[in-house]
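Remarks on the overall topology
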Amino acid sequence: MSRRPRLTVFGTGYLGTAHAACLASLGFEVLGVDVDAARARGLQAGILPFYEPGLEPLLRAGLRAGRLAFTTSYPAAAEFGDVHFICVGTPQRPGSGGADLTQFESCFAGLAPLLHRPCLVVGKSTVPPGTAAAYGQRLPGTAPAGTGAELAWNPEFLREGHAVADTLRPDRVVAGVWSDHAAATLREVYAEPLAAGVPFLVTDPATAELVKVAANAFLATKISFINAMAEVCEVTGADVLSLADALGRDPRIGGAGLRPGLGFGGGCLPKDIRALAARAAELGAGEALSFLHEIDAINQRRRTRLVDLAREAAGGRLDGRRVGVLGVAFKPGSDDIRDSPALEVAARIQALGARVAVFDPAAMDRASQVHPDLDYRGSVLGAARDADALLLLTEWPEFSAADPVVLAKAVARRAIVDARHALDAAAWRDSGWDYRAPGRPGDPAGLPGALGDSAGAPGALAGHPAGVPRHAAGPREAEEPLPGRCDLTRRAPKRFAVKRLDIYGSSSMAACDRRGLPSAWNWRAPPGRSAAPSTRPWPRRAARCRYG
Ligand code: UDX
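My aim in this report is to walk through the structure given alongside it, one point at a time.

Conventions and cut-offs
- Sequence order as written defines residue numbering, which begins from 1 separately in each chain.
- Predicted model: local features are reported for residues with pLDDT of at least 70 only, side-chain atom pairs are reported and counted for 80 or more only, and whole-chain, interface and lining totals are derived from all residues.
- Computation of side-chain values covers all heavy atoms of the structure but excludes hydrogens and water.
- Under the scheme applied here, a residue whose accessible area is under 20% of the maximum for its type counts as buried, over 50% as exposed, and between as partly exposed, the area being computed with a 1.4 Å probe on protein chains only.
- Each helix is a run of H or I in the DSSP string that is no shorter than four residues. Each strand is a run of E no shorter than two, and both are numbered from the N terminus.
- Paired strands, in this sense, are two strands between which DSSP finds at least two bridges.
- Any two residues whose heavy atoms approach within 4.5 Å are treated as being in contact.
- For every element, the axis is a line fit to its C-alpha atoms; helices are fit only across the contacting stretch, and the angle between N-to-C directions ranges from 0 to 180 degrees.
- Being near a molecule or strand, for a residue, means having at least one of its heavy atoms within 4 Å of it.
- Polar contacts, as counted here, are pairs of nitrogen or oxygen atoms within 3.5 Å of one another; within protein the pair requires one atom able to donate a hydrogen and one able to accept it, and residues that are adjacent in sequence qualify only if both atoms are side-chain atoms.
- Surface accessibility follows the Shrake-Rupley procedure with a 1.4 Å probe radius. Residue values consider only the protein chains on display as shielding.
- Under the grouping applied here, Gly and all other residues not named as nonpolar or charged are polar, the nonpolar ones being Ala, Val, Leu, Ile, Met, Phe, Trp, Tyr, Cys and Pro and the charged ones Asp, Glu, Lys and Arg.
- What marks off one domain from the next here is an automatic or database domain assignment.

Some thoughts on the pairing of strand β6 (residues 149-153)
With respect to burial, β6 is a largely interior element, five of its five residues being buried. Judged by which residues are buried, β6 turns out to be covered on both faces: A149, L151 and W153 on one side and E150 and A152 on the other are all buried. Sheet analysis places strand β5 (residues 119-123) next to β6, joined by five bridges and oriented parallel. Residue pairing for β6: L120 is matched across the bridge by E150.

In structure tokens form, the structure reads like this:
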């Protein structure tokens with residue numbers, strides 16, 4: 001092949017469209033192929049069927065330059081391409097954890113008999129172990145080109161919302177090949193990123209396909225690990241954000257993927273860990289990956305915990321309450337609602353009798369097709385209007401930038417649940433909001449009837465304030481007095497009273513023992529101050545007191 005290889009991309013979802021447009025931007029002639037004629041026509045007209053920042057301009061540039069086109073014709077694609085990338089979906093099989101390879105099989109079965117001249121067929125779809133070997137063996141017997149048609153595996157690692165950058169400058173290119181020729185062809189395709197220093201890792205195809213699912217399993221494990229720690233934080237009074245920060249600074253651990261909150265969703269991580277566990281069990285290695293079931297279970301528990309927090313924030317019940325929801329996409333920068341934790345929480349709250357008003361900058365169309373029963377509003381303010389509780393479920397930047405003072409005027413009750421730790425807790429509390437976030441102490445999460453709510457609220461630990469250890473031994477001694485102000489708001493059951501602290505302009509709830517001393521466990525020290533609280537008792541009757 002003296003000229004540059006011509007490329008085809010089968011499957012024009014997030015992965016395939018990004019791959020096709022990016023490779024066209026690198027100067028290749030690319031033909032995108034999809035069985036959905038409307039989708040192929042739309043792409044040919046420069047219309048992206050989903051939201052992905054930066055991709056539409058690249059698509060249009062490729063079309064304008066005449067290097068990119070879309071078709072439904074397999075014969076045309078087989079005739080055109082020297083390298084055929086298969087990027088079709090591999091969703092979860094209904095009723096099982098395994099992967100549904102129907103699309104992959106039908107693409108392969110449609111393409112292989114049309115391959116009359118030497119070419120490389122490259123699997124990019126995420127598949128269970130063993131898939132590459134099976135198709136690698138079938139290809140020479142099915143393609144008229146015989147052994148001239150070769151299979152390779154080249155997994156993708158792109159994140160939605162970052163598809164362009166992840167395709168043009170991936171962390172690594174993994175080439176799973178059976179021959180030097182296949183490796184050389186992939187080197188040619190990725191010449192530009194490789195020249196920019198992207199590592200090129202040559203493996204056998206079995207390893208390459210496993211790299212992808214193992215990477216996703218590791219990422220899911222990391223996310224569930226920190227979310228499991230958030231559960232522990234809620235019963236010990238530790239702060240999961242500080243914990244994640246301290247853990248992430250260890251280079252052996254690393255901070256990426258250690259963001260606690262509502263857990264993972266989307267079209268990849270949830271179904272990929274299930275498919276990997278199911279395949280490992282089929283291969284007799286089920287025990288090795290049995291922990292992935294626990295990773296999945298931890299992830300599902302986050303959704304239940306958020307429903308509980310929403311109920312508490314709404315005053316102890318959801319039935320008949322108005323709940324505002326910010327975000328239904330599975331993550332910011334995407335309109336994807338596949339297995340979206342945010343959308344599931346919104347739907348569950350609605351099913352429990354609440355009236356749920358929703359706003360999302362990109363995913364409302366898709367969400368309304370699946371859940372037409374939710375009330376879709378045009379802005380953050382619209383979703384917040386008259387709400388008894390406001391929930392931030394997807395961390396879009398515009399939600400973090402929302403003004404708590406403005407929103408306070410729109411809602412019926414100033415109660416916010418920040419499922420993604422995206423807000424400035426102090427700023428919201430200072431504006432009079434009852435701020436709750438999973439896994440954080442010093443907030444009223446789980447406090448029965450906190451902040452003047454007369455209805456009471458069932459928490460994850462019934463009758464026990466969140467952020468206070470069950471067997472708290474009392475406050476620690478400290479040399480310096482506690483600065484700031486406090487006011488007694490409510491007496492919690494049993495051993496603890498609940499007080500509101502106002503320290504250097506940032507207020508938070510604190511549980512105190514019988515003597516009125518704040519518990520050391522949920523005390524956040526102001527900058528430059530000792531983390532230990534004072535031993536001096538708080539005046540019991542004073543509604544507000546200077547202290548220290
Ligand atoms: C993922 C992989 O990152 C990517 O390499 C693979 O090719 C496809 O699957 P994606 O699904 O686009 O990509 O999203 P990612 O950014 O990894 O986030 C997945 C989910 O985990 C989201 O719901 C996100 O909100 C959540 N997440 C991510 C966390 O809860 N905490 C984190 O620290 C990171």
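From this point, the narrative continues.
Here we look at the sheet that holds strand β14 (residues 434-436)
Here we have six strands laid out as an open sheet, ordered β11-β10-β9-β12-β13-β14, and parallel in their pairing. Looking at strand neighbours, the two that pair on one side only are β11 (375-376) and β14, the edges of this open sheet. Sheet topology note: the strand β9 (residues 322-326)/strand β12 (residues 389-392) ladder contains four bridges and is parallel. From the neighbouring strand, V325 faces β12, where its bridge partner is L391. Its contacts with the sheet place helix α14 (residues 341-351) against β9, β10 (355-359) and β12, and it is angled at close to 160° to β10.

Concerning the site of the ligand
By nearness alone, 20 residues border the ligand, and F157, E160, G257, R259 and K331 come closest of all. With respect to the ligand, the backbone of L158 contributes an N or O atom lying 3.1 Å from an oxygen atom. K212 has a polar side-chain atom sitting 3.4 Å from an oxygen atom of the ligand. When the free accessible area of the ligand is taken as 660 Å², the share hidden by the protein chains comes to 91%. Broken down by element, the residue count for the shell around the ligand peaks at four residues, all from helix α10 (residues 205-236). Among the residues making up the shell around the ligand, the classes are represented as nine nonpolar, four polar and seven charged. Residue-level mapping places the shell around the ligand at the junction of two domains, with at least three residues from each of domain 1 (7-203) and domain 2 (223-473).

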